[in-house]
Amino acid sequence: MTVRSVNPATEELIEEFEPHSELDVDQALANAAERFQSWRLTSFDERAKLLHAAADVLDARKDDFARRMTLEMGKPLKQAVAETEKCAWVCRHYADNGARYLEDERIETDASASYVRNLPIGPVLAIMPWNFPFWQVFRFAAPALMAGNVGLLKHASNVWRSALNIEDVFSEAGFPAGCFQTLLIGSDKVENVIRDRRVRAASLTGSGPAGSAVASIAGDEIKPTLLELGGTDAFIVMPSADLEAAVATAVDGRTQNNGQSCIAAKRFFIHAEVYDTFRDQFVDKMKALRIGDPMREETQIGPLAMKSIRDDLAVQVEISITAGAKPLIPKMELPQKGYWFAPQILENAPDTAPASRDEMFGPVASLWKVSSLAEAIGRANDSEFGLGSAIFTNEKSEVETAIRDLDAGSTFVNSKVASDPRLPFGGVKSSGYGRELARDGILSFINRKTVSIA
Ligand SMILES: O=CCCC(=O)O
């Protein structure tokens, strides 16, 4: 069935795609398996040179790629350009550090030499979401290729031009055919690809149900997976915090990418001593955000990516309000066409409401007053998710307590949670397992071969 790509700002058709046939997919898997046999023998220097070339292609064509991302999923153009630049960064990061990350690890034993050698495992399938159409893919692809693996991409069907653009980046950079291929397939075709003996592992960024499905199939086939799933990240503000910085970061953290980020701050726990001031400033700044055409330089919030995302969020907000949450921002007039959703702050949502329990994928913040750090951490941890967490404080002991007790894959102090090629990235609990980026990321799909020479 033809796949239609629609501009979420106008609901106009951008482009239509014919999905790949079973034969196309089979050919791509054969190409990947064959290419792996030569790619795994290339040197780190050769791979690094090509990754630098990919970074150069990204830099040279960033405006073109960014425009397409914005057209396909509605993020403000400025943020799409920044996303492309970050992809060039991750390519250069692994080009410059990959060999060091994968060095042999010598271990003293009774043998004359013993060590761990990090070897590639083969074709890896990446199942990626639409919210960061380039970044989510490059943070998988750069370490995978540097390690000597080859990549297959199944991207979300609303960003297929971006998916094809990514394939172009690698071929324009000079990577041999078969190193990185995009499969234009729907989710219903993923099971067969995972089960195919030529595919050796899968990496998924996406929803909990998608993660469970992929992990079950891969588990059945005894293939490793890395899962980066949702989050309802907590953002704690204590009395000693720089309040102006905390408010500005809260707004940015909640509304980046039109609020559609797994690591967006979503649940705000503010100490009673600063609660009223924080709330009033937060409301003023969220109200002042400029909503509009994501192609315009001054736009801060564009449309949500899909009708279903907008409608689901509207239902979550409605149920939360009916359950007792207080909306702090009056409803505003929005264009009829397009999947628009105005920023909102919900105060005091009860424990059972979606605003307390579920991931809200859009510019909606949930706000509560707490009387101590212990209460803030207890409530932050009362979630099935554990991706990121942030605390604003200038008390050293509070920093240490937050690092020790927040049940999350990261704790950021006096800044928002952000991914960085130099730092491991991932979650605990229902936010997934495994780590992307940094050294951890490149070791995710590796045969850590033990070598012992008598
Ligand atoms: O949506 C999750 C990833 C966001 C990021 O890496 O900045």
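Residues numbered from 1 in each chain as written. Predicted model: local features only at pLDDT ≥ 70, side-chain atom pairs only at ≥ 80, totals over all residues. Heavy atoms only, no water.

Some remarks on the side chain of T70
Link 1 in the chain: Here T70 shows up in helix α3 (residues 62–73).
Link 2 in the chain: Given a relative accessible area of 1%, T70 falls into the buried group.
Link 3 in the chain: Residues within four places of T70 in sequence aside, it is in contact with K75, P76, L77, A80, P294 and M295. (Helix = DSSP H or I, 4+ residues; strand = E, 2+ residues; numbered from the N terminus. Buried < 20%, exposed > 50% of the residue type's maximum accessible area, 1.4 Å probe, protein only. Contact = heavy atoms within 4.5 Å.)

Points about the packing of aromatic side chains
Link 1 in the chain: For the coordinates displayed, the defined rule picks out 14 aromatic pairs.
Link 2 in the chain: Geometrically, the ring pair formed by F268 and F282 is tilted, given 5.1 Å between the ring centres and 50° between the ring planes. Taken together, the positions of F268 in strand β11 (residues 265–271) and F282 in helix α10 (residues 272–287) put the pair 14 residues apart, joining distant regions of the chain.
Link 3 in the chain: Classification of F282 by relative accessible area gives buried; the value is 0%.
Link 4 in the chain: For K86, the ring lying beneath its charged end belongs to W135, and the centroid distance is 4.5 Å. (Phe/Tyr/Trp six-rings, centres within 6.5 Å; stacked < 30°, edge-to-face > 60°. Lys NZ or Arg CZ within 6 Å of the ring centre and 35° of its normal.)

Things to note about the UniProt feature "domain: Aldehyde dehydrogenase" (unreviewed entry) in the protein
Link 1 in the chain: Within the UniProt annotation, "domain: Aldehyde dehydrogenase" (unreviewed entry) is assigned to residues 3–451.
Link 2 in the chain: As annotated, residues 3–451 has a helix share of 43% and a strand share of 19%, and its two end C-alpha atoms lie 49 Å apart. (UniProt positions renumbered as here; feature names shortened; annotations may be inferred.)

Some remarks on the site of the ligand
Link 1 in the chain: The environment of the ligand is formed by N131, F132, W135, Q136, R139, S261, C262, I263 and S419.
Link 2 in the chain: At a separation of 3.0 Å, an oxygen atom of the ligand approaches a polar side-chain atom of N131.
Link 3 in the chain: In the model, an oxygen atom of the ligand is placed 2.8 Å from a nitrogen or oxygen of the R139 side chain.
Link 4 in the chain: Isolated, the ligand exposes 250 Å² of accessible area, and the fraction of that covered by the protein chains is 96%.
Link 5 in the chain: If you count residues domain by domain, the shell around the ligand takes at least three from each of domain 1 (3–229 + 431–453) and domain 2 (233–420). (Near = heavy atom within 4 Å. Polar contact = N/O pair within 3.5 Å; in protein donor to acceptor, adjacent residues only side chain to side chain. Areas by Shrake-Rupley, 256 points an atom, 1.4 Å probe, with all protein chains shown as cover. Domains from an automatic or database assignment.)

Regarding the pairing of strand β5 (residues 123–128)
Link 1 in the chain: For β5, a buried count of six out of six residues is recorded, marking the element as mostly surrounded by other parts of the structure.
Link 2 in the chain: Of the two faces of β5, the one lined by P123, L125 and I127 and the one lined by V124, A126 and M128 are each fully buried.
Link 3 in the chain: Relative to strand β6 (residues 150–155), β5 runs parallel, the two being bridged by six bridges. Note that in β6 the partner of V124 across the bridge is G151.
Link 4 in the chain: This β-α-β element, β5 to helix α5 (residues 135–147) to β6, shows right-handed connectivity.
Link 5 in the chain: Looking at chain direction, β5 and strand β8 (residues 201–205) are connected through four bridges and run parallel. (Pairing = 2+ DSSP bridges. Right-handed = clockwise from strand over helix to strand, strands pointing away.)

Focus on the sheet that holds strand β3 (residues 105–106)
Link 1 in the chain: The strand order β3-β4-β20 describes an open sheet built from three strands, whose pairing is antiparallel. Whereas interior strands pair on both sides, the edge strands pair on one side only; in this sheet they are β3 and β20 (446–453).
Link 2 in the chain: By the bridge criterion, eight bridges tie strand β4 (residues 113–120) to β20 in an arrangement that is antiparallel. Residue pairing in the sheet places A113 in a bridge with I453 of β20.

Structural notes on the sheet that holds strand β19 (residues 432–433)
Link 1 in the chain: Across the sheet, six strands lie side by side as β7-β6-β5-β8-β9-β19; this open sheet has mixed pairing. The sheet is open, and its two edges are formed by β7 (180–183) and β19, each paired on a single side.
Link 2 in the chain: Along the sheet face, helix α1 (residues 22–39) touches β5, β6 and β7 and points at about 150° away from the line of β6.
Link 3 in the chain: Its contacts with the sheet place helix α8 (residues 208–220) against β5, β8, β9 (225–228) and β19, and it is angled at close to 175° to β9. (Axes fitted to C-alpha atoms, helices over the stretch in contact; angles between N-to-C directions.)

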